Structure formats: structure tokens, C-alpha cells
Amino acid sequence: MKKTAPAPRAAAEAVAPAAAGQQAEGRTREGVARLLLEQGPVTAVAIAEALGLSPTAVRRHLDALVADGEAYTRDAPRVGARGRGRPAKLFLLTEAGRSRFGHAYDDLAISALRFLAESGGEQAVRAFAQRRVATLVDRHRAAVTAPQDPAGRAEALATALTREGYASSTRSVGAGEQLCQHHCPVAHVAAEFPQLCEVETAAFADLLGTHVQRLATIARGDAACTTHVPHSVP
């Protein structure tokens, strides 16, 4: 007897598991990329522990992100005596990888600021940056200024910035706190108009009640925007 081809419904049911698997892979890769955004630079083992996956599965997604130009690696610094073997690899997102999480309207914003600079000069751009930052920080001023110490305020500011899409965190380093913004929605714009970063730093100093120092910015090609907040208030 001649075999007949499977019915359309049967064929669709055969394809469904494959589609579901691809969707699950996509969600996992998105989770890996988001962890790189929020915690990078980070090792594959740390990502696996955070997501509850095997290191082998995580490395597969990391290799795919690197192959697609969305991530890159660098050697982790050695701690203590130099041992044998290759140093661990740290993974970071590239600008292409960061674009997964929104660089909306960059071209329009840059064009508008160029026009503003041509018509009103550098001071007009700075005034715009000051108004933008004031609008952002004023929503959180009460929560950030509630703690009495700089460390508490830095932590409250990190929480506020995360709510605004900056994926921020703090950590104690020596005699101060490091406020890290792992994502910057306006990084491409700030690369051409550093006034955005300068005004933001001044606003942080005002909120925290102490002098702060900007150590790194995504706009200059660093892995995160890092601001040093001393524990002692001048």
C-alpha cells in the first residue's frame, strides 16, 4: 500500500515543539544578555549560577553573542600568586549588544542637539542637559536624600536609577562607594555631547551631599558608568 503524506495538522504538531524550543532558547539568550548588562564584566560560571543553568549551556549562548558581535571577552585579573593555566574570561556587552535594551531615537536626539548647539551655543546644550537631569532626579529626591550617610544615599540613588532604566548598583571600595550604571539609554548621544554626563555628575553630587568623581562612562567606551562616592562628607 502506498504511504500517504501526513495531514497538515500532524505536520503542524511536529513543527510546534521545534518552534517552542527556539522561543525558549531566545528567552535564555535574552536572560544571559541582560545579566551581562546588569553585572558585566562577569564570568560564564557566575552567569550559570545566577540563572540556574549549566556552564556549558551558558557558554553556548555567550559564544553566539560573541559571534554576533553583541559581546566580547577580556581576561579576568589574577588574584594572589600567579597560578598555572589560562586566566578566567570576563564577558561584556558591545554597543550592539546594549542596543537590545534601547537606544531609541538616538539619531533624532543627536540631530536636535546639533541644531541647539548651532543656534544657541554650548550653553544652550548644557541648559537642556540640566533640565533633563532635574526632571529625572526630582522624582526621586525625597527617597535619595532620606538616608543621612553618603553610602545610604548612594544605594538609594542606584535604586532610583534602576527604575529609570540605568541598571545601577553600588559596592564598597576602600573609603567610598562605587555607583555603577550598567546601562545608559543616552550613551550614543552623550558620546557626542559630554555635557549630559557632566551635568549628571553634578546632580549626583547635589543629591548625595558630597563631592563625587566620575571614573568611567559608557559613552567613552567603558563597560559601565562608574562614580566614586566618598564615605566622608567634606
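A brief report on the enclosed structure follows. (Residues numbered from 1 in each chain as written. Predicted model: local features only at pLDDT ≥ 70, side-chain atom pairs only at ≥ 80, totals over all residues. Heavy atoms only, no water.)

## A short note on the overall build of the protein
Turning to step 1, where the next piece is worked out: Looking only at helices and strands, the protein features 10 helices and six strands.
Turning to step 2, where the next piece is worked out: Burial analysis of the protein (234 residues in total) assigns 37% to the buried set.
Turning to step 3, where the next piece is worked out: Look at the contacts in the protein between residues 6 or more apart in sequence, and 54% of them connect residues 24 or more apart.
Turning to step 4, where the next piece is worked out: Accessible area for the protein stands at about 13,400 Å²; split by element, carbon and sulfur atoms hold 56% of it. (Helix = DSSP H or I, 4+ residues; strand = E, 2+ residues; numbered from the N terminus. Buried < 20%, exposed > 50% of the residue type's maximum accessible area, 1.4 Å probe, protein only. Contact = heavy atoms within 4.5 Å. Areas by Shrake-Rupley, 256 points an atom, 1.4 Å probe, with all protein chains shown as cover.)

## Focus on the sheet that holds strand β4 (residues 176–181)
Turning to step 1, where the next piece is worked out: Reading across the sheet, the four strands line up as β3-β4-β6-β5 and stay open at both edges, with antiparallel pairing between neighbours. Each edge of the sheet is formed by a strand with only one pairing partner; in this case those strands are β3 (168–173) and β5 (213–216). Taken over all neighbouring pairs, the strand axes of this sheet differ in orientation by 25° on average, direction set aside.
Turning to step 2, where the next piece is worked out: Sheet analysis places β5 next to strand β6 (residues 225–230), joined by three bridges and oriented antiparallel. Across the sheet, the residue bridging to Q213 is H228, located in β6.
Turning to step 3, where the next piece is worked out: Packing against the sheet, helix α10 (residues 195–208) makes contact with β4, β5 and β6, and its axis sits at approximately 130° to β5. (Pairing = 2+ DSSP bridges. Axes fitted to C-alpha atoms, helices over the stretch in contact; angles between N-to-C directions.)

## Re the packing of helix α2 (residues 44–51) against helix α3 (residues 55–67)
Pairs of packed helices are described in terms of their axes, by the angle between the two and the distance that separates them.
Turning to step 1, where the next piece is worked out: In contact at an axis separation of 9 Å, α2 and α3 are set at 115° when each is read in the N-to-C sense. Taken together, α2 and α3 sit at an angle that is classed as roughly perpendicular. The two elements α2 and α3 meet at a crossing, and its hand is right-handed. Contacts between α2 and α3 involve A44, V45, I47 and A48 from the former and P55, V58, R59 and L62 from the latter.
Turning to step 2, where the next piece is worked out: Here the residues of the contact of α2 with α3 are counted per class, giving seven nonpolar, no polar and one charged. (Parallel < 35°, antiparallel > 145°, perpendicular 65-115°, else oblique. Left-handed = near helix turned anticlockwise from the far one by under 90°. Nonpolar A, V, L, I, M, F, W, Y, C, P; charged D, E, K, R; others polar.)

## Remarks on the environment of F101
Turning to step 1, where the next piece is worked out: Take F101: it is sitting in the loop between α4 (95–98) and α5 (106–120).
Turning to step 2, where the next piece is worked out: Counting along the chain gives 84 residues from F101 to P185, while the straight-line C-alpha distance between them is 8.1 Å.
Turning to step 3, where the next piece is worked out: Contact partners of F101, with chain neighbours within four places excluded, come to E30, A33, R34, L37, L93 and H183.

## Concerning the pattern of salt bridges
Turning to step 1, where the next piece is worked out: For the structure shown, the criterion picks out 10 salt bridges.
Turning to step 2, where the next piece is worked out: A salt bridge links E38 to R34, with the shortest nitrogen-to-oxygen separation between them at 3.7 Å. Here E38 pairs with R34, and both are found in helix α1 (residues 8–39), just four residues apart, close to one helical turn.
Turning to step 3, where the next piece is worked out: Given the relative accessible area of 38%, R34 is considered partly exposed.
Turning to step 4, where the next piece is worked out: Between E198 and R126 there is a salt bridge; the shortest N-O distance is 2.6 Å. Within this pair, whereas E198 is found in helix α10, its partner R126 is found in helix α6 (residues 122–138), the two being separated by 72 residues in sequence.
Turning to step 5, where the next piece is worked out: When its relative accessible area of 39% is taken as the criterion, E198 is described as partly exposed.
Turning to step 6, where the next piece is worked out: Here the salt bridges do not stand alone but share partners, grouping E122, R126 and E198 into one network. (Salt bridge = Lys/Arg side-chain N within 4 Å of Asp/Glu carboxyl O.)

## Let's talk about unusual backbone geometry
Turning to step 1, where the next piece is worked out: Located in the positive-phi region is A167, a residue other than glycine, with phi close to 45°.
Turning to step 2, where the next piece is worked out: For A167, the position within the fold is in the loop between α8 (150–163) and β3.

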